[in-house]
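The residues making up each chain are set out below.
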Amino acid sequence: MTSHPTTGAGSFHTMWNELAPIGRNADSGGYRRYAWTEADRDCRAWFRAEAEKRGLAYETDRNGNQWAWLGDPEAGDAVVTGSHLDSVPDGGAFDGPLGVVSAFAALDELRARGASFTRPLAIGNFGDEEGARFGLACVGSRLTAGQLTREKAYELRDADGISLPQAMEAAGYDPEAIGPDPERLARIGAFVELHVEQGRALDLSGDRVGLASAIWPHGRWRFDFHGEANHAGTTRLVDRRDPMLTYAQTVLAAREEARLAGAVATFGKIAVEPNGVNAIPSLVRGWLDSRAADQATLDTVVTAIEKAAQERAERDGIDLRIVRESFTPVVEFEHALRDELARILGASQGREVPVLGTGAGHDAGILSGSIPTAMLFVRNPTGVSHSPAEFAAEDDCVAGVLALADVLEGLACR
């Protein structure tokens, strides 16, 4: 077995620098680590190498998720930690990878402490969490938990028309094998995901690390505005059926409805046909992401946005189709596990750890319907995420590693 680094702090620094160049775009400074691409392959190779350096048993499951095991996986009641390595388009370095790097570093810290494990421990990298390529978030964990059927997964396609099974097969994986994996989930007694905070609550409170209380309900809706292609220079304004105008009014309506309800609503992705500078579009397709603190508020906001879009479409002579592509209900992390983490961290840090709600979705949220899950957050001084400006100071990252080590020690070494 290759010797492991002396402490979690030292190994974190080394791993972070080794992983940082993979998938980074030189022009934007952001990351383009999309599922089943060359950058994804390199991230997966990095994960496997780190597992093997530590003498961990490495495996890839039927859905392309990676696992590194310490102890017998078949023993059951395992404690699992980890996150994901893929990114949004031109995303930041921390969203996902911080949890995976911290997991390996926390294991190094526990070994340096001489910890004796009484439960199996595993580190996971869940595939296609961000959904940047195929439009659906948390594909790997959704498949595993049975929240995404193979039939629906086979329908997923990227912007070039490549299907998910085609992409998996090209990357050397068997798409015929994908589907629910209850046997694997039955091995797991607790899953703890560490993640950079995607907000400023910890910065405002002055804390380095926090605990998650719940994930807001959230979903993605596709709005297809069908108009009539025509010449931009010769078609009178009154004769146009321009779907771009309807789309633009819908974007403004989404902002206003979210503001009134205290929710969030974002049109962040758009596709236009025929996409010519001198052509009136025939189709504008926009994707809405909306989230709220409770289900009733989210329903109110989305219903109002849909109504505004339909009314404007009728006025503009536009045909509108709305499709809900994904939805995740509110996730209340298991109170018993959350309280145990709060007790462990309170004892190790000598103070209460703040408990935060979040509007961001995570694999831990998907898996919460099948196994006990919890989340740790690491301070983000700017609150910026899904951007190259995303940041966490190294001393805060190390604090996260030590907190995760304390938690794993409390759960798996007692």
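Residues numbered from 1 in each chain as written. Predicted model: local features only at pLDDT ≥ 70, side-chain atom pairs only at ≥ 80, totals over all residues. Heavy atoms only, no water.

K.L.:
I'm lost on the pairing of strand β5 (residues 188-196) in this one. Help?
P.N.:
In regular strands, side chains alternate between the two faces of the sheet. Among the nine residues in β5, nine count as buried, and that is most of the element. Both strand β3 (residues 78-83) and β5 contribute to a ladder of four bridges, which runs parallel. Looking at the pairing, V80 lines up with F191 of β5. Note: β5 against strand β15 (residues 373-378), six bridges, orientation parallel. Note that in β15 the partner of H195 across the bridge is F377. (Buried < 20%, exposed > 50% of the residue type's maximum accessible area, 1.4 Å probe, protein only. Helix = DSSP H or I, 4+ residues; strand = E, 2+ residues; numbered from the N terminus. Pairing = 2+ DSSP bridges.)

K.L.:
What should I look at first to understand the side chain of E340 in this one?
P.N.:
Turning to its location among the elements, E340 is positioned in helix α11 (residues 335-349). Among the residues examined, E340 registers a relative accessible area of 18% and is labelled buried. At 2.9 Å, the side chain of E340 and the side chain of R343 are in polar contact. (Polar contact = N/O pair within 3.5 Å; in protein donor to acceptor, adjacent residues only side chain to side chain.)

K.L.:
When you look at the packing of helix α1 (residues 8-19) against helix α2 (residues 38-53) in this model, what are you seeing that I'm missing?
P.N.:
Each pair of packed helices gets described by two things: the angle between the helix axes and the distance between those axes. Closest axis-to-axis distance for the α1/α2 pair is 11 Å, and the angle between their directions is 155°. With respect to each other, α1 and α2 are oriented roughly antiparallel. As for how α1 packs across α2, the hand of that crossing is right-handed. Every residue of α2 that contacts α1 at M15, E18 and L19 is listed here: C43, W46, E50 and K53. Grouping the amino acids of the contact of α1 with α2 by side-chain chemistry returns four nonpolar, no polar and three charged. (Axes fitted to C-alpha atoms, helices over the stretch in contact; angles between N-to-C directions. Parallel < 35°, antiparallel > 145°, perpendicular 65-115°, else oblique. Left-handed = near helix turned anticlockwise from the far one by under 90°. Contact = heavy atoms within 4.5 Å. Nonpolar A, V, L, I, M, F, W, Y, C, P; charged D, E, K, R; others polar.)

K.L.:
What should I look at first to understand empty space enclosed by the protein in this one?
P.N.:
In this approach, a probe sized like a water molecule rolls over the atoms, and the result shows the empty space that is left. The final tally for this structure, using the stated rule, is four cavities of 30 Å³ or more. Quantified by volume, the largest cavity comes out at close to 60 Å³. Lining the largest cavity we find W36, R44, N63, G127, D128, V139, G140, L143, L164 and M168. Tallying contributions element by element places helix α4 (residues 139-145) first for the lining of the largest cavity, with three residues. (1 Å grid on protein atoms, 1.4 Å probe; cavity = no way out; pocket = protein on both sides within 12 Å on 5 of 7 lines; lining within 4 Å. Points joined across faces, edges and corners; volume = space filled by probe spheres on them.)

K.L.:
Help me understand the environment of L408 in this model?
P.N.:
Along the chain, the position of L408 falls in helix α13 (residues 394-412). Linking L408 and R379, residues 29 residues apart in sequence, is a C-alpha distance of 20 Å. Among all residues touching L408, those that are not within four sequence positions of it are V79, T81, A106, L110, L121 and C413.

K.L.:
It is not clear to me how unusual backbone geometry should be interpreted in this structure. Could you clarify?
P.N.:
Generally, phi is negative for residues other than glycine and the peptide bonds are trans, each holding for most cases. At the junction of E273 and P274, the peptide bond is cis and its omega measures out at 0° in the coordinates. Relative to the helices and strands, P274 is located in the loop between β9 (264-273) and β10 (279-280). Residues other than glycine seldom take positive phi values, yet D77 does so here, at roughly 60°. Position of D77 relative to the elements: it lies in the loop between β2 (66-70) and β3. By relative accessible area, D77 is classed as partly exposed at 43%. Unusually for a residue other than glycine, D128 sits at a positive phi of about 50°. Inspection of the secondary structure assignment puts D128 in the loop between β4 (121-125) and α4. Accessibility expressed as a relative area gives 6% for D128, which makes it buried.

Keep in mind these numbers describe shape, not what the thing actually does.
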